[in-house]
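Each chain, written out:
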Amino acid sequence: MKSILIEGSERESVGKKATKALRNAGKVPCVVYGGEKPLHFSADEIAFRDLVYTPAAHTVEIDLGGTKVSAIMQDIQFHPVTDNILHIDFYQLFDDKEVTMNIPVRLQGNSPGVRNGGRLLFRKRKLAIKALPDKLPDFFDVDISKLKIGQNISVQSLLNDDFTILHPDSTVVVQVKTQRSAVVTDDEDEEGEEGAEGEAAEAPAAEGGEAQE
């Protein structure tokens, strides 16, 4: 997984006045949890651009005057009016300690079911996983080039020994549902009926999984 370098300064004071002064100076107050004690620091808001304003998942390397800390972003707060970053929480990474992270899902290819008028439902745009830092994937690439009307792709097909996916195996990631205008070919009709049964059985898991996001 790609790591982004953040150059920051360790904070000596964490009070409200000091925090306000940092924000007025265009800096973002941050804290890193997970170590022996919380580590407070600040950095220019522009330094977080490639970390925050992207669909990709990244780790970060925080450089505090020569002392470097590896971490992942856990939480971020934005100003309700200006959308400026108010505060970021990070979690420190250790090579031998698993971490939980949301990994984005990317769809690959074109679905024949959609070309025939079906409706593509992208149920899970991110999946929560637990893994060692060096096993964290950048994306889940899901091939939909064979996905026909009535069929779906679930977490079951994405399982890997490198990490644990924190969703039931039956959770639907993407599916193609029929519409009145859909044209079902003979091949799709036979396979689609089987897919529809699977879809009916997995629908509750898909709805439940979506609510977790």
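Structure shown above.
Okay, so let's go over this structure.

## Topic: the overall build of the protein chain
Line of reasoning, step 1. Broken down by element type, the protein chain carries four helices and 14 strands.
Line of reasoning, step 2. The buried share of the protein chain, reckoned over its 213 residues, is 40%.
Line of reasoning, step 3. Nonlocal contacts in the protein chain, meaning residues at least 24 apart in sequence, comprise 68% of its contacts between residues at least 6 apart.
Line of reasoning, step 4. Carbon and sulfur atoms make up 45% of the accessible area of the protein chain, which totals about 12,400 Å².

## So, the sheet that holds strand β14 (residues 172-177)
Line of reasoning, step 1. Read from one edge of the open sheet, three strands run β9-β14-β12, paired in antiparallel fashion. If you trace the sheet from one side to the other, it starts and ends with β9 (119-122) and β12 (152-154), each paired once. Direction aside, the axes of adjacent strands within the sheet are offset by 10 degrees on average.
Line of reasoning, step 2. With three bridges connecting them, β12 and β14 associate as antiparallel partners. Along β14, the bridge assignment pairs I153 with V174.

## What to know about the pairing of strand β3 (residues 27-33)
Line of reasoning, step 1. With five of seven residues buried, β3 is to be regarded as a mostly interior element.
Line of reasoning, step 2. Looking at chain direction, β3 and strand β4 (residues 39-44) are connected through six bridges and run antiparallel. Bridge pairing in β4 links K27 to D44.
Line of reasoning, step 3. Pairing of β3 with strand β7 (residues 85-92) involves four bridges; the strand directions are parallel. Residue C30 lies in a different strand from β7, and its bridge partner there is I88.

## Observations regarding the side chain of H58
Line of reasoning, step 1. Looking at where H58 falls in the secondary structure, it is placed in the loop between α2 (49-52) and β5 (59-64).
Line of reasoning, step 2. Look at H58 and you get buried, because its relative accessible area is 11%.

## Considering the packing of aromatic side chains
Line of reasoning, step 1. Under the counting rule described, the total for this entry stands at three aromatic pairs.
Line of reasoning, step 2. These aromatic residues form a ring-pair network of at least three members: F41, F48 and F90.
Line of reasoning, step 3. Over the ring of F139 we find R106, and its NZ or CZ is 3.7 Å from the ring centre.

## A closer look at the pairing of strand β11 (residues 140-143)
Line of reasoning, step 1. Covered by surrounding structure in β11 are F140 and V142 only, the residues D141 and D143 on the alternate face being uncovered.
Line of reasoning, step 2. Examined bridge by bridge, strand β8 (residues 99-108) and β11 share four bridges and lie parallel to one another. Residue pairing across strands places V105 opposite F140, the latter belonging to β11.

The rules behind these values
What you see as residue numbers is a count from 1 along each chain, following the sequence as written. Predicted model: local features are reported for residues with pLDDT of at least 70 only, side-chain atom pairs are reported and counted for 80 or more only, and whole-chain, interface and lining totals are derived from all residues. Only hydrogens and water are set aside; all other atoms, that is, all heavy atoms of the structure, feed into the side-chain values. Secondary structure is summarised from DSSP: a helix means a run of H or I of at least four residues, a strand means a run of E of at least two, and numbering begins at the N terminus for each. For the exposure calls, accessible area comes from a 1.4 Å probe over protein chains only, and a residue counts as buried if that area is under 20% of its type's maximum, exposed if over 50%, partly exposed in between. Contacts between residues were defined by any pair of non-hydrogen atoms, one from each residue, lying within 4.5 Å. All accessible areas in this document rest on Shrake-Rupley with a 1.4 Å probe, and a residue is counted as covered only by the protein chains that are shown. Any two strands between which DSSP finds at least two bridges are classified as paired. For every element, the axis is a line fit to its C-alpha atoms; helices are fit only across the contacting stretch, and the angle between N-to-C directions ranges from 0 to 180 degrees. Any two rings among Phe, Tyr and Trp, with Trp reduced to its six-membered ring, count as a pair given centres within 6.5 Å; such a pair is stacked if its planes are under 30 degrees apart, edge-to-face if over 60, and tilted if neither. Lysine and arginine charges are scored as sitting over a ring when NZ or CZ, respectively, is within 6 Å of the ring centre and within 35 degrees of the ring normal.

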